[in-house]
Amino acid sequence: MIEKADSLQTQFSIGVKGTVRRTEKTPRGIEIVPSEIRILGIAQHPLPLDVTGRTPAEIDTRLNARVLDLRRDECGAVFRIEHVALEATRAFLSERGFVEVHTPRIIASATEGGAALFPVTYFEHDAFLAQSPQLYKEQLIMSFEKVFEIGSFFRAEESHTRRHLSEFISVDIEEAFAAAPDVMKVLEKLVRYVCGAVKKGCQRELEILKYRFDVPRTPFKRFTYDEILKELDGEGVDVPWGEDIPTPAFRTLGKIHPYFYFITDWPTKSKAFYINPQDENPKVCEGFDLMWQWVELASGGTRIHSKDLLIKRLTEHGLHPESFKFHLKVFDYGMPPHAGWAIGLERLIMMLTGKKNIREVVLFPRDRYRLTP
RNA sequence: GCCCUGGUAGUAUAGCUCGGUCUAGUAUAGACGGCUGUCGCCCGUCCGACCCGGGUUCAAAUCCCGGCCAGGGCGCCA
């Protein structure tokens, strides 16, 4: 047995039979005096990275040996926080009558235009990976009134940044008989609740990560797009009205508003076709974004529930109403007014863990250049 | 898609500006030994690297070109 104990190496999987005793000599205050040792799995040395964490490896090296990387306390802490955040999200939404649903990942045509889709071969048809559950969740509120979905979606964007992925997890809700202000309240309360749950339930993990955050107070600040433009102008950043706000401008905003805030009343043309234009001024819509510092955490809005208007907006976006006939048909069945939003889960986890690179908070990230492991 | 930066042992880095004692330094990991009832304690010895191809030169880790790979930024988007 001594010989066997002598042959043990870092990362071996072993079974030990013996007597457990208290001791002051070990970090955990216990020791096992073995009567039998079994080697269950051996490890080939040298390992591709230092599991003790004394010599930190670069993100690329770590992702190539991700399961070993996950053995590090710091890495494990991130995903335990994610677990608690998801648990809290489900509890919060279920408590408020939202029903968890699952919509298709394989779809026949583009759901929103905008973001690029990954094509897939579906028997004798061309199909795509879903970029969002948007149209399906809207349809489902006719039956369930309030729904939510937590799942992976796909964007074939060429983005190469610390906050974009090709495959990401979206936390989506949709609610009937609701408008933007209603679902904004749900959103800010959810964020507060999740922050509270993580802060309370993940003290050890946050300590490992050496990261702290304050549970935000609600309501979050609300700024209109026009107010934001004025504020940026004051900082010497010029954004022409109607344009999306460029990333460098968001970074400036993040310095002025270092926590959560909403941006509302966006120009209609800068948002998706299904966002409702305001009655009194159709150039502006009922869409909103939830920001955390300079990062867009979530976006949502009041949806169009008039079929005619929806067709008009589709056409204005250069989309063909025929490709949306199954979706449009639903609007003939008594579609109630509704609103919803979507949170980029990974971005929320970045906020909760202090990680600066979105790949840190995904077990096996997929980005423009990474398809393995 | 455009732009910038970088590729030195298993890992992380020094060296590159101003080419030559670089037979490439250091840390950590690994092997072996010592020490301590244990240790992601300490000490010692050892092992191990210039991304690929071409060019310039008497001489290239170092300069130039191409490729590949990686990181980041922008646009787009969550």
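The shown structure was predicted, so the numbers you read here are calculated from the model rather than taken from an experiment. (Residues numbered from 1 in each chain as written. Chains lettered and ligands numbered in written order. Predicted model: local features only at pLDDT ≥ 70, side-chain atom pairs only at ≥ 80, totals over all residues. Heavy atoms only, no water.)

Observations regarding the pattern of salt bridges
The condition is simple: Within this document, salt bridges are pairs made up of a side-chain nitrogen of Lys or Arg and a carboxyl oxygen of Asp or Glu, the two lying within 4 Å of each other. Buried, partly exposed and exposed residues are distinguished by accessible area as a fraction of the type maximum, computed with a 1.4 Å probe on protein chains only: under 20%, between the cut-offs, and over 50%, respectively. A helix here means a DSSP run of H or I that spans at least four residues, while a strand means a run of E at least two residues long, and both kinds are numbered starting from the N terminus.
Taken as a whole and judged by the stated rule, the model has 23 salt bridges. Here R62 and D69 are joined by a salt bridge, their closest N and O atoms 3.0 Å apart. Note on D69: relative accessible area 0%, which makes it buried. Note that R62 and E360 form a salt bridge whose closest N and O atoms lie 2.8 Å from each other. Of this pair, R62 sits in helix 2 (residues 59–64) while E360 sits in the segment after helix 12 (345–353); the two residues are 298 residues apart in sequence, bridging distant segments of the chain. When sorted by exposure, R62 lands in the same class as E360, which is buried.

A short note on unusual backbone geometry
Glycine aside, residues mostly have negative phi angles, and peptide bonds mostly take the trans form. With an omega of -5°, the peptide bond running from T218 to P219 counts as cis. With respect to the element layout, P219 can be found in the loop between helix 7 (203–209) and strand 9 (221–224). Omega for the peptide link from T372 to P373 comes to -5°, which places this bond in the cis form. Mapped onto the fold, P373 is located in the segment after helix 12. Look at Q293: it is not a glycine, yet its phi comes out positive at around 55°. Along the polypeptide, Q293 turns up in the loop between strand 11 (287–292) and strand 12 (295–302). Here Q293 falls in the partly exposed class, since its relative accessible area comes to 25%.

With respect to helix 5 (residues 134–144)
Stated precisely, the cut-off is as follows: The criterion used for residue contact is that any of the two residues' heavy atoms lie within 4.5 Å.
By the burial criterion, the buried members of helix 5 are Q134, L135, K137, E138 and I141. On its buried face, helix 5 sits against strand 7 (146–154), strand 8 (167–176), helix 11 (325–330) and strand 13 (338–344).

Some words on the packing of helix 4 (residues 73–95) against helix 6 (residues 180–201)
Between two packed helices, both the angle of their axes relative to each other and the distance between the axes serve to describe the pair. Rule in force here: Interaxial angles span 0 to 180 degrees and are taken between N-to-C directions of axes, which are lines fitted to C-alpha atoms, for helices over the stretch in contact. Throughout, the term roughly parallel applies to angles under 35 degrees, roughly antiparallel to angles over 145, roughly perpendicular to angles from 65 to 115, and oblique to all others. Crossing handedness is defined as follows: a turn of the near helix away from the far one that is anticlockwise and smaller than a right angle gives a left-handed crossing, while the clockwise case is right-handed. Under the scheme applied, nonpolar residues are Ala, Val, Leu, Ile, Met, Phe, Trp, Tyr, Cys and Pro; charged residues are Asp, Glu, Lys and Arg; polar residues are all the others, including Gly.
At a minimum axis distance of 9 Å, the contact between helix 4 and helix 6 shows a crossing angle of 135°. Our classification of the angle between helix 4 and helix 6 gives oblique. Our pair here, helix 4 against helix 6, has a crossing hand that is right-handed. Of the residues in helix 6, those touching helix 4 at I81, V84, A85, A88, T89, A91, F92 and L93 are V186, K189, L190, Y193, V194, A197 and V198. Within the contact of helix 4 with helix 6, the residues separate by chemical class into 13 nonpolar, one polar and one charged.

Overview of the protein's contact with RNA strand B
Just so we agree on the cut-off: Put simply, a residue is near a molecule or strand once any heavy atom of it comes within 4 Å of that molecule or strand. Each polar contact in these results corresponds to two N or O atoms within 3.5 Å; when the atoms are within protein, one needs to be able to donate a hydrogen and the other to accept it, and residues that are neighboring in sequence are counted only if both atoms are side-chain atoms.
Neighbouring RNA strand B are 40 residues; Q9, R54, H164, L165 and T247 lie closest to it. Counting only atoms of RNA strand B within 4 Å of the protein, the sugar-phosphate share comes to 61%. Between a phosphate oxygen of RNA strand B and a side-chain N or O atom of T247, the distance comes to 2.5 Å. Contributing elements (two or more residues each) for the surface near RNA strand B: helix 2, helix 9 (247–256) and strand 12.

Here we look at the nonpolar core
What counts here: Joining through side-chain atoms within 4.5 Å is the link that ties buried Ala, Val, Leu, Ile, Met, Phe, Trp, Tyr and Cys residues into a set, and such a set is a nonpolar core.
Grouped together as the largest cluster of nonpolar side chains are 56 residues, with contacts concentrated most on L187, V198, F260, L290, W341 and L352. Contact partners of L290, with chain neighbours within four places excluded, come to L187, V191, F220, F260, Y261, F262, V295, E296, L297 and A298. Formed by 32 residues, the second largest nonpolar core is a distinct cluster that contains F250, I263, F273 and Y274.

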